[in-house]
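Given next are the chains, with one letter for each unit.
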Amino acid sequence: MTKKSLLLFFTVLLAIAAGPTFAQDAPAYPAATDASVFVFNTTLFLISGMVVMFMAAGFCMLEVGLVRAKNAATICVKNIALFSIAGIMVWLLGYNLIYGVAEGGFIGKFGIWGADDADWAQTGYAASSDWYFQMVFVATAASIVSGTVAERVKLWPFLIFVAALTGVIYPIQASWEWGGGWLDAKFAFADFAGSTLVHSTGGWAALAGALVIGARDGKYDQTGRVHAMPGSSLPLATLGTFILWLGWFGFNGGSQLALGSIDNAIAVAKIFVNTNMAAAAGVVTALVLTQLLYKKVDLTITLNGAIGGLVSITASPLEPSIGLAVLIGSIGGVIVTLAVPLLDKLKIDDVVGAIPAHLFCGIWGTLVVPLSDKSASLIGQLVGVVSIGVFVFTISFALWYLLKLTTGVRASEPDEQIGLDKAELGMEAYPEFSPA
Amino acid sequence: MTKKSLLLFFTVLLAIAAGPTFAQDAPAYPAATDASVFVFNTTLFLISGMVVMFMAAGFCMLEVGLVRAKNAATICVKNIALFSIAGIMVWLLGYNLIYGVAEGGFIGKFGIWGADDADWAQTGYAASSDWYFQMVFVATAASIVSGTVAERVKLWPFLIFVAALTGVIYPIQASWEWGGGWLDAKFAFADFAGSTLVHSTGGWAALAGALVIGARDGKYDQTGRVHAMPGSSLPLATLGTFILWLGWFGFNGGSQLALGSIDNAIAVAKIFVNTNMAAAAGVVTALVLTQLLYKKVDLTITLNGAIGGLVSITASPLEPSIGLAVLIGSIGGVIVTLAVPLLDKLKIDDVVGAIPAHLFCGIWGTLVVPLSDKSASLIGQLVGVVSIGVFVFTISFALWYLLKLTTGVRASEPDEQIGLDKAELGMEAYPEFSPA
Amino acid sequence: MTKKSLLLFFTVLLAIAAGPTFAQDAPAYPAATDASVFVFNTTLFLISGMVVMFMAAGFCMLEVGLVRAKNAATICVKNIALFSIAGIMVWLLGYNLIYGVAEGGFIGKFGIWGADDADWAQTGYAASSDWYFQMVFVATAASIVSGTVAERVKLWPFLIFVAALTGVIYPIQASWEWGGGWLDAKFAFADFAGSTLVHSTGGWAALAGALVIGARDGKYDQTGRVHAMPGSSLPLATLGTFILWLGWFGFNGGSQLALGSIDNAIAVAKIFVNTNMAAAAGVVTALVLTQLLYKKVDLTITLNGAIGGLVSITASPLEPSIGLAVLIGSIGGVIVTLAVPLLDKLKIDDVVGAIPAHLFCGIWGTLVVPLSDKSASLIGQLVGVVSIGVFVFTISFALWYLLKLTTGVRASEPDEQIGLDKAELGMEAYPEFSPA
Amino acid sequence: MKFVIAIIKPQMLDDVREALTRIGIEGMTASEVKGFGRQKGHVEIYRGAEYNVDFIPKVKLEIALRDELLDLVVEAIAKVAKTGRIGDGKIFVLDLQDVVRIRTGDMGPDAL
Amino acid sequence: MKFVIAIIKPQMLDDVREALTRIGIEGMTASEVKGFGRQKGHVEIYRGAEYNVDFIPKVKLEIALRDELLDLVVEAIAKVAKTGRIGDGKIFVLDLQDVVRIRTGDMGPDAL
Amino acid sequence: MKFVIAIIKPQMLDDVREALTRIGIEGMTASEVKGFGRQKGHVEIYRGAEYNVDFIPKVKLEIALRDELLDLVVEAIAKVAKTGRIGDGKIFVLDLQDVVRIRTGDMGPDAL
Ligand SMILES: Nc1ncnc2c1ncn2[C@@H]1O[C@H](COP(=O)(O)OP(=O)(O)O)[C@@H](O)[C@H]1O
Ligand SMILES: Nc1ncnc2c1ncn2[C@@H]1O[C@H](COP(=O)(O)OP(=O)(O)O)[C@@H](O)[C@H]1O
Ligand SMILES: Nc1ncnc2c1ncn2[C@@H]1O[C@H](COP(=O)(O)OP(=O)(O)O)[C@@H](O)[C@H]1O
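Residues numbered from 1 in each chain as written. Chains lettered and ligands numbered in written order. Predicted model: local features only at pLDDT ≥ 70, side-chain atom pairs only at ≥ 80, totals over all residues. Heavy atoms only, no water.

Colleague: Could you clarify how one ought to interpret the overall build of chain D in this entry?
Modeller: Helix and strand counts for chain D stand at two helices and seven strands. When the helices and strands of chain D are listed from N to C terminus, the series reads β-α-β-β-β-β-α-β-β. The C-alpha radius of gyration of chain D comes to 17 Å, more than 25% above the 13 Å expected for a compact globule of 112 residues. Look at the contacts in chain D between residues 6 or more apart in sequence, and 71% of them connect residues 24 or more apart. In the form shown here, chain D has an accessible surface area of approximately 4,600 Å², with 48% of it arising from carbon and sulfur atoms. (Helix = DSSP H or I, 4+ residues; strand = E, 2+ residues; numbered from the N terminus. Rg over C-alpha atoms; globule rule 2.2 N^0.38 Å. Contact = heavy atoms within 4.5 Å. Areas by Shrake-Rupley, 256 points an atom, 1.4 Å probe, with all protein chains shown as cover.)

Colleague: Teacher, can you tell me more about the pairing of strand E1 (residues 2-8) of chain E here?
Modeller: For a regular strand, side chains alternate in direction, first toward one face of the sheet and then toward the other. Residue and element names in this part refer to chain E. Within E1, seven of the seven residues are buried, which leaves the element mostly enclosed by the surrounding structure. With burial as the criterion, each face of E1 is covered, one bearing Lys2, Val4, Ala6 and Ile8 and the other bearing Phe3, Ile5 and Ile7. The pairing of E1 with strand E6 (residues 90-95) spans six bridges and is antiparallel. Note that in E6 the partner of Val4 across the bridge is Val93. (Buried < 20%, exposed > 50% of the residue type's maximum accessible area, 1.4 Å probe, protein only. Pairing = 2+ DSSP bridges.)

Colleague: Explain the site of ligand 3 to me, please; I cannot follow it from the model alone.
Modeller: Residues in close proximity to ligand 3 total 21 residues, the closest being Thr29 and Arg103 of chain D together with Arg38, Gln39 and Gly87 of chain F. Chains contributing residues to the immediate surroundings of ligand 3 are chains D and F. At a separation of 3.2 Å, a nitrogen atom of ligand 3 approaches a polar backbone atom of Gly27 of chain D. Gly87 of chain F is positioned such that a nitrogen or oxygen atom in its backbone is 2.8 Å from an oxygen atom of ligand 3. (Near = heavy atom within 4 Å. Polar contact = N/O pair within 3.5 Å; in protein donor to acceptor, adjacent residues only side chain to side chain.)

Colleague: Whenever I open this one, a nonpolar patch on the surface confuses me. Can you help?
Modeller: Residues and elements named next belong to chain A. Together, Leu378, Leu382, Val386 and Val390 make up a nonpolar patch on the protein surface, roughly 340 Å² of accessible area in all. With respect to the helices, strands and loops of the structure, Val386 is situated in helix H14 (residues 378-405). For Val386, a relative accessible area of 46% translates into the label partly exposed. (Patch = residues over 30% accessible without salt bridge, like charges linked within 9 Å, V, L, I, M, F, W, Y side chains within 5 Å. Salt bridge = Lys/Arg side-chain N within 4 Å of Asp/Glu carboxyl O.)

Colleague: Just checking my understanding: could you explain the site of ligand 1 for this structure?
Modeller: Taken together, 22 residues lie around ligand 1, and Arg38, Gln39 and Gly87 of chain D together with Thr29 and Arg103 of chain E are the ones closest in. Interatomic distance of 2.8 Å between a backbone N/O atom of Gly87 of chain D and an oxygen atom of ligand 1. Thr29 of chain E is positioned with one of its side-chain polar atoms (N or O) 2.8 Å from an oxygen atom of ligand 1. Put simply, the parts of the chain that give the shell around ligand 1 at least two residues each are strand E2 (28-36) and strand E6 (90-95) of chain D together with strand E2 (28-36) and strand E5 (56-65) of chain E.

Colleague: Could you clarify how one ought to interpret the side chain of Asn304 of chain C in this entry?
Modeller: Tracing the sequence through the fold places Asn304 of chain C in helix H11 (residues 299-314). Contacts of Asn304 of chain C, omitting those with residues within four sequence positions, involve Val336, Val340, Val352, Gly353 and Ala357 of chain C together with Arg47 of chain D.

Colleague: I'm lost on the interface of chain D and chain E in this one. Help?
Modeller: Interfaces are frequently sized by the accessible area removed from exposure as the parts join. On the side of chain E, 25 residues touch chain D, which itself brings 31 residues to the contact. Carbon and sulfur atoms supply 60% of the area buried between chain D and chain E, which totals about 2,300 Å² over both sides. Counting the surface chain D buries against chain E, the share from its top three residues, Phe36, Arg38 and Phe55 of chain D, is 27%. There are three salt bridges connecting chain D and chain E. Arg38 of chain D is paired through a salt bridge with Glu26 of chain E; the nearest N and O atoms lie 3.3 Å apart. Linking chain D to chain E there are 11 residue pairs in polar contact (both at pLDDT 80 or more). (Buried area = accessible area lost by both parts, 1.4 Å probe.)

Colleague: What am I meant to see in the environment of Leu318 of chain B here?
Modeller: Residues and elements named next belong to chain B. Here Leu318 shows up in the loop between helix H11 (299-314) and helix H12 (322-345). Sequence separation between Leu318 and Ser261 is 57 residues; the distance between their C-alpha atoms is 16 Å. Residues contacting Leu318, with those up to four places away along its chain left out, are Gln256, Ala267, Lys270, Ile271 and Asn274.

Colleague: Which parts of the structure should I look at to understand the relation of the copies chain D and chain E?
Modeller: Of the transformation superimposing chain D on chain E, the axial component is 0.0 Å and the angular component is 120 degrees, with the fit at an RMSD of 0.0 Å. Interpreted geometrically, this transformation is the action of a three-fold axis. In this assembly the copies use different faces: only 10% of the residues contributing to the interface of chain D also contribute to that of chain E. (Least-squares fit on C-alpha atoms with pLDDT ≥ 70 in both.)

Colleague: What is the right way to read the interface of chain C and chain A from this model?
Modeller: Between chain C and chain A, the contact holds 64 residues from the first and 69 residues from the second. Counting the surface lost from both chain C and chain A, the interface buries some 5,200 Å², and carbon and sulfur atoms represent 82% of this. Taken as a group, Ile80, Trp156 and Glu432 of chain C account for 13% of the area that chain C buries against chain A, more than any other trio of residues on that side. Seen at the junction of chain C and chain A, the total is four residue pairs in polar contact (both at pLDDT 80 or more). Every element with two or more residues in the side of chain C that touches chain A is listed here: helix H2 (34-66), helix H3 (72-99), helix H5 (127-148), helix H6 (155-177), helix H9 (234-254) and helix H16 (420-425) of chain C.

Colleague: Quick question: what am I supposed to make of the relation of the copies chain C and chain A here?
Modeller: Mapping between the two copies of the chain is achieved by a rotation about an axis and a shift along the axis. Superposing chain C onto chain A takes a rotation of 120 degrees plus a shift of 0.0 Å along the axis, which leaves an RMSD of 0.0 Å. Comparing interface residues between copies, only 16% of those in chain C also sit at the interface in chain A, which points to a heterologous contact through distinct surfaces.

Colleague: Before we go on, may I ask you to explain the arrangement of the chains in this structure?
Modeller: The two units chain A and chain D remain apart, with a minimum C-alpha distance of 11 Å. There is no contact between chain B and chain E; across them, the least C-alpha separation is 11 Å.

Colleague: Even after reading the chapter, I still don't get the confidence of the model for chain A, so can you show me in this structure?
Modeller: Should the pLDDT be low somewhere, the predicted coordinates at that spot are not to be read in detail. Here chain A averages 94 in pLDDT, and 93% of its residues register 70 or above. Every residue in residues 20-27 of chain A scores below 50 in pLDDT, and together they form nine contacts with partners more than four places removed in sequence or on other chains. (pLDDT = per-residue confidence, 0-100.)

Colleague: Even after reading the chapter, I still don't get the environment of Lys345 of chain B, so can you show me in this structure?
Modeller: Along the chain, Lys345 of chain B falls in helix H12. Sequence-wise, Lys345 of chain B and Lys296 of chain B are 49 residues apart; in three dimensions their C-alpha atoms are separated by 21 Å.

Colleague: Even after reading the chapter, I still don't get the pattern of salt bridges, so can you show me in this structure?
Modeller: Note on pairing: side chains with opposite charge can pair once their charged atoms come close. Evaluation of the coordinates by the stated rule reveals 41 salt bridges over all chains. When the shortest N-O distance is used, the salt bridge between Asp88 of chain E and Lys9 of chain E registers 3.3 Å. Residue Asp88 of chain E is located in the loop between helix H2 (70-80) and E6, and its partner Lys9 of chain E is located in the loop between E1 and helix H1 (13-22); the two are separated by 79 residues in the primary sequence. Neither Asp88 of chain E nor Lys9 of chain E differs from the other in exposure class; each is buried. Because the salt bridges share partners, they merge into one network encompassing Lys60 and Glu62 of chain D, Lys60 and Glu62 of chain E together with Lys60 and Glu62 of chain F.

Colleague: Got a minute to help me understand the nonpolar core in this structure?
Modeller: Generally speaking, nonpolar side chains in soluble globular proteins are found buried as a group. If you look at the biggest cluster of nonpolar residues, it comprises 472 residues, and the most contacted ones within it are Trp400 of chain A, Trp400 of chain B together with Trp400 of chain C. In contact with Trp400 of chain C, other than residues within four places in its own chain, are Val145, Val153, Phe158, Phe161, Ala205, Ala208, Gly209, Val212, Ile213 and Val409 of chain C. Counting residues in each nonpolar core, the second largest holds 33 residues, with Leu96 of chain D, Ile5 and Phe92 of chain E together with Ile5 of chain F among its members. (Core = buried A, V, L, I, M, F, W, Y, C linked by side-chain atoms within 4.5 Å.)

Colleague: Help me understand the packing of aromatic side chains, please; the structure alone is not making it clear to me.
Modeller: Within a pair of aromatic rings, the relevant descriptors are the distance that separates the centres and the angle that separates the planes. Scanning all chains against the criterion turns up 90 aromatic pairs over all chains. Centre to centre, the rings of Tyr132 of chain B and Phe272 of chain C are 5.2 Å apart; their planes meet at 85 degrees, and the pair counts as edge-to-face. In this pair, Tyr132 of chain B sits in helix H5 (residues 127-148) while Phe272 of chain C sits in helix H10 (residues 262-294), so the two residues belong to two different chains. Owing to a relative accessible area of 0%, Tyr132 of chain B belongs among the buried residues under this scheme. On the basis of relative accessibility, which here comes to 5%, the residue Phe272 of chain C falls in the buried class. Through a chain of ring-to-ring contacts, the aromatic side chains of Phe45, Tyr125, Phe133, Phe137, Trp178, Trp248 and Phe251 of chain A assemble into a single cluster. Against the face of Phe158 of chain C rests Lys78 of chain C, its NZ or CZ located 5.9 Å from the ring centre. (Phe/Tyr/Trp six-rings, centres within 6.5 Å; stacked < 30°, edge-to-face > 60°. Lys NZ or Arg CZ within 6 Å of the ring centre and 35° of its normal.)

Colleague: Before we go on, may I ask you to explain the packing of H2 of chain C against H9 of chain C in this structure?
Modeller: When two helices pack together, their arrangement is given by the angle between the helix axes and by the axis-to-axis distance. Residue and element names in this part refer to chain C. At their nearest, the axes of H2 and H9 sit 7 Å apart, and the two run at 155 degrees to each other. As the angle between them shows, H2 and H9 are arranged roughly antiparallel. Seen along the crossing, H2 lies across H9 with a hand that is left-handed. (Axes fitted to C-alpha atoms, helices over the stretch in contact; angles between N-to-C directions. Parallel < 35°, antiparallel > 145°, perpendicular 65-115°, else oblique. Left-handed = near helix turned anticlockwise from the far one by under 90°.)

Colleague: Please clarify how the confidence of the model for chain D should be interpreted in this entry.
Modeller: Summary statistics for chain D give a mean pLDDT of 92 and a share of 100% for residues scoring 70 or more. The complex prediction reports pTM at 0.95, with the ipTM value standing at 0.94.

Colleague: I tried to follow the environment of Ile418 of chain C on my own but got confused; where do I start?
Modeller: All names here are of chain C. Within the secondary structure, Ile418 sits in helix H15 (residues 413-418). Placed 141 residues apart in sequence, Ile418 and Met277 show a C-alpha to C-alpha distance of 42 Å. With residues up to four places along the chain from it excluded, the contact list for Ile418 reads Lys70 and Ala423.

This is how it looks when you write it as structure tokens:
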């Protein structure tokens, strides 16, 4: 393949993206009964929440496959712990911080959450189902961080960061938009399922961590050369990606927040299709691009391509035509393919490529919203991206820095050399296979 | 961390467990149509059943990760075979033994099951969906056993035991409660989703097996020292735990048995939240405790902590406040952390920690029910725990013993040394990686 | 065990298959509201589609576990790429080829698909949900191919084949039946969920590939001896099988195409049960048969047995009694057990056993339909099996051959020897564990 | 000095190490090897196809020692690693010209 | 007696083993090693970063034998393991002072 | 000629290889081994049970060389592989009687 074929590839993509359009009037749909609507909506949250919960396993497998064997058990501990901590923190603090905010406000209420279904007729779903759905979103943001800072961050400081991220940092910025705070009220910021609120947030927190903690020992040498540190199990990384892809149907589909009417059902179905197509386009693009750039397909970047496509479509998975969804996802694939080596040039060590996939594609996905969603403006989107970016990055950086000064954030050099599994857990992930 | 911090940790937990409470009157909820209710209920069974079915994969991965590589293929055979046998036995015998019992009775009918939907209006769900949901529960109990007796039990005798457990032993005791038998009728025994009926039952059967079969060769030496036999793939064990956690939403949520009304939907949603929080608390507790006790976090015990938390909340996942659910799960985490080495002291060799997680936490979860469910009494709970324990343990012990005398239950010493994979299957799970 | 016990085993099976039957009148079921029906149906497609989508991960894990480590990363690339390509091709071409066919016709329309929900009242589901469900079916057929031709097919030619298969070959033959084309109109061909349309189609395409590409280097020597090439990770293969089993509930259950009424709900529930029982019977049969034939249970054939049972029941998962479903699945288990070594005798190298499980069991499942579905005839079934077989096999063979003449289809001998991972990707799936 | 290479059955490693420690050996190096010998591999069946497992897992021990210890060491290994069944392994004795302990730079017998 | 150490390409193992068996060698020990030599490793790209694969997988064969067989064995290996391409490997010959067969206690050439 | 066997800490491999290349060594063979020595293994806890990790991962290097290079090589390894902490490893020197380069059939020092 040549540069020409690359050009051709994107020309075709663009042509397709324009695609056929179908006139669609809003016919008068009959309604389900109140009770059915309530059950449908609740079910949407619960089932979507379940597959999003399973994304915790997806992140864990992706990360465990991309770290070296000597750090594999530790990344498992981190992933199951962060999901647990997220649940506890969202209950203790997070949920009321998100939804207890005044209209147009900056910060919600501090307080433990409890289910209150008195208002059922107005909300139209079980309070607990919504809590569950929000909680798994918060956990997702934390999962993003663990991948970037893997193989050198100390366990307990990492978990402290997770507690702050899931209990306070994420909730405050999420309240600005999903809680009806200032971003929503004043800027009509549009982020359907969280390209910015979830993925970029995780990405900014990860970036701050990567900067404060520094690169893995031996990753970049004095001469500026980058040393590859191949992941220990690409099959597990692939499994993780498939699980994430699966979970994303819940992530985006559930963000419709209602299922109990014909137009909601149609909307959820459309979201499924666009979500899938963006991921598919991300994969194919990364596949083709790595072949063109390196003469060999790179599986791990292809996996990142799927994630990149998915994150890109997350800010607006309903409005785009399929063709546009393909284009948005495809550019997500381009972003990860180019940004992975770029970060290495900047000596920012992101073990699993979470920053390109979640942060960069999250920004891209958010900025492209106005193309399909006329209620959103580029200005509004920029304000959202920047304000959340500044907020999350600053606080995260400060917190990582504080941890560095107090507990320390980074394993000692010998600990890093023998691997965190032996150093921090005293076990091996694969005691019978591990070399050395 | 010190003992003080341990104390603090539990004090905080207790304080939280008291938590805020929300007054909740029963508003007059509108009803869905009959047909919708029927479809909702059926769907609840089918979807819950699907994720519980997937728990078979979860157990398989957890176990395959915790055995040594030389027994990994065999544990895979056992897991897929036991799930298959459970299906066949529940069809041939089990279901009618559970639900064919007379009110207050001791034993149901013997006979093959067939779907009968004539009574649809009364049951409110498709007969097959209920069968499916019950079947996957039975399989769960069998999965518990395979983990405990792994690495030394012979394949075919194990499968014979599974057939008996899933066709007869489990169904008889389940009929006492879920079939409306004597425990339900006379003692108002409360076991919502099966802390005792499923998990302790599996645990007792496993304990009986462990006693009859004996410990793995070399596990305990003459001087009383315990020899660690590290699991071969902690990432797969972690994946298995995440799958189990996912499945548990179906396990507990589906046990509401109905979804087609506003209060049922609210109940299922609450169950999801409590289930998640108990698991999270189990994880965090095991994490903190192993750090305090051993100065290093133990990943495998942390995984057991998740299961312990989940089993603990299973007897009553709806009634407790979230705070109480956290406390119940947390104590589940304490139980597994302390019971795993305790069993070793007693030279009871439980390869994956199924007895602490399923049996001990099952008992704990059942006994704590009266705290939140005022219809249950400690006496009733004790009667249930003890009667089912005695029944399952005795029969299981007798059956294992009979198998020992006839077919033999235990691989020969050389077979155990070279591993069951080579000895019983003539293959290797990881032919290219396995050392020796 | 002896041959007698084998005989006994099947006699028992047959006796059971006759089983008890339950009279079942069609009571007058009340209906749900239009809107609820619409949402239920759409939800059925979406949830079923999600688990079928997850089958892509199942195939990937099954295949990655059964190839040698040196080809494991490549099989991951193929699986995630084929799923992506299938999505794009079904959108660009496939869907309108399937459903744009005239009644009784031979070929549909060429054109990009877009969701059109104007006719919602007539279809009763969201257009996108149906597209999603069909798309994941097409991907399944492509997944079948990748397993058979693994370890020697070149990446890009394989992906070109996948594009043709998913964009054109599969859609054309599917239109004949599911699109209402000639097979449906003239022969009342019955293939509920695709034993022939999906599984045999994948199988024929795989067979054509295996013939054109040839066997793996060293698989068969001049003296006619077969050389075993053990799979590198049986635990991952087992996980894959469990995932496929899970997905099959969506595959068959969703093929009821409607959920929003009492009889549809009952039907879906029955399908779940039959699907499970056929799989269970396939497993147990393969287990027993390999023990009898080889004196040792073969895990990989047992896994094939599950798939064989599932494929066998797929042509008619609703109509058979449970007993018949067990029998159908059990014969599926016999087929894979016997056909795996048979193919080796014919020097057809099918790395994962996809041809026995998907092609042979697909034929068996299709031909046995008239036994339970009186609207189907053996003639009609034969016409379907043969015409689709001839069509798919011929075109696939021609295409593989064309690729052989142009791009080449097979990795060079040294590339095959060092493994496709190093040769085509320049990476290793397990860089730290792989021997040599 | 001598350099002893012993091929033993894997399960014997712990016992041999203990026996050697008892007679004063303070260092040794072990590795996983595959042995081919009179103990023939066996035939296994995988997916219906037979295959020979020619090479059997063994452990190789390498021990550098002073001449005086040679007989003791050979005897100890020969005794402890013996099961009497085929495949017990071999002990090879080579001449060792020099040794260096990297940490200290010590050379010759003192480095052992 | 001699102790022959041969470093060969992994894919040659089966042929070499057969050739040695044919000339009367009844035992040998194989292990996986990584070789560094004139056959330079190659450069791969992983996630956009280049890395050198310096050490190349090889198989090491260790064969203890009677002096008479030395030439035959060395010739056989040199012939069968040869592809003519760089990286074919080396044969090293060391002196072997003694051998013990653990199972029987036999010593010297009889133990081979 | 000499046959040098060096047991070193795994993390030292790259440095040692570079040092040897610098003094003109063009070939060597590495393998993973487990060492037992003065550097005692440590005790770990797995599921509440203690276990000794007696054998510690090391890398074994085998280098065949001309007599003239022996001192240089031993010195280089001894210097580069030294951390000064226990467990740095050992260098063993054996006599090498003959070498063959399989690709060319060259024998003796020329084959190195
Ligand atoms: N001539 C030899 N050279 C090197 N290793 C040998 C030789 N003969 C035997 N071995 C090693 O010793 C092991 C045991 O030898 P074997 O002949 O099977 O049994 P036994 O030692 O009981 O006669 C073999 O597996 C092989 O690793
Ligand atoms: N001096 C040496 N000492 C030990 N092993 C060596 C030596 N030289 C080469 N080898 C081994 O032989 C292998 C092949 O050597 P190489 O120089 O690459 O090719 P060739 O033998 O064809 O010249 C190397 O990979 C290494 O394992
Ligand atoms: N006598 C010996 N024979 C063979 N290998 C040895 C011997 N002594 C030590 N070794 C190897 O050298 C390594 C380092 O030795 P050790 O005694 O732990 O430290 P040091 O070399 O610093 O004194 C050991 O792990 C072992 O692999």
